[in-house]
Amino acid sequence: MLSVLIETRNDEEGLARTLASLISGAVEGVVRDVIVCDAGSTDQTHRVAEHAGCHYVAGSIAAGIGQAKGDWLLFLEPGARLAEGWIDEVVAHTARQTMPARFARARANRTPFLARVFSGNRALAEGLVISKRQAAALAKCARSAEALARGLATRKLNAEIWVAPPK
């Protein structure tokens, strides 16, 4: 079972797009719960989360990790969308691996090489699948999901993600 954590701030539209891509995982029984960690939104983010049946946490990512019920966590940026086929790949990875993993960018969503080299990479752009135990240990030092994901050695999953547009 997988818990999904989405850290957001004033991105109700992006949150709705991301939640829509998780419906198939909930139907299949892979997604156990979705936790929206809000870093001080002033828009209707909390209403989007509540209407979708998510747990809403006003505070740090560490508080969200503490509320997660799954043994594995999936961190996503608001606005990111998982492509079809992600469920089987995540289930296979969590069954046989202990290391974190990221999704591959959808082919039509890939940025040119030089643009990737000279732009600031977002650590959560490709999502992150990580064990709850490892995430809880990393969250003690990290103030955000982005900081938690930065610098981790990961495996690339054979499933695609449509990356959220930069803010």
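Report follows, based on the coordinates. Just so we're clear, the structure is a prediction, and the values are computed from it rather than from any experiment.

## Remarks on the overall build of the protein chain
When its secondary structure is counted, the protein chain shows 8 helices and 8 strands. Its C-alpha atoms give the protein chain a radius of gyration of 15 Å, within 12% of the compact-globule value 15 Å for 167 residues. Among the 167 residues that make up the protein chain, the fraction classed as buried is 46%. In the protein chain, the share of contacts with a sequence separation of at least 24, taken over all contacts with a separation of at least 6, comes to 79%. Taken as a whole, the protein chain presents about 8,600 Å² of accessible surface, with 52% of it coming from carbon and sulfur. Both charge centroids of the protein chain, one from 21 positive and one from 17 negative side chains, sit 7 Å from each other.

## Here we look at the nonpolar core
Residues Leu22, Leu74, Trp86 and Phe103 are the most contacted members of the largest nonpolar core, which totals 29 residues. Listed by contribution, the elements that provide at least two residues to this core are β1 (2-8), α1 (12-21), β2 (31-38), β4 (72-76), α5 (86-96), β6 (101-105) and β8 (155-162). With residues up to four places along the chain from it excluded, the contact list for Trp86 reads Leu2, Ser21, Leu22, Ser24, Gly25, Val31, Leu74, Phe103 and Ala159. Core analysis: the next-biggest nonpolar cluster, separate from the first, contains 20 residues, Val57, Ile61, Ile130 and Ala149 among them.

## Let's talk about the state of the cysteines
Scanning the model with the defined rule gives 0 disulfides in all. Distance from the sulfur of Cys54, which forms no disulfide, to the nearest cysteine sulfur (Cys37) is 11 Å. Owing to a relative accessible area of 11%, Cys54 belongs among the buried residues under this scheme.

Conventions we followed
- Residues numbered from 1 in each chain as written.
- Predicted model: local features only at pLDDT ≥ 70, side-chain atom pairs only at ≥ 80, totals over all residues.
- Heavy atoms only, no water.
- Helix = DSSP H or I, 4+ residues; strand = E, 2+ residues; numbered from the N terminus.
- Rg over C-alpha atoms; globule rule 2.2 N^0.38 Å.
- Buried < 20%, exposed > 50% of the residue type's maximum accessible area, 1.4 Å probe, protein only.
- Contact = heavy atoms within 4.5 Å.
- Areas by Shrake-Rupley, 256 points an atom, 1.4 Å probe, with all protein chains shown as cover.
- Lys, Arg positive; Asp, Glu negative; His and termini not counted.
- Charge placed at Lys NZ, Arg CZ, Asp CG, Glu CD.
- Core = buried A, V, L, I, M, F, W, Y, C linked by side-chain atoms within 4.5 Å.
- Disulfide = S-S within 2.5 Å.

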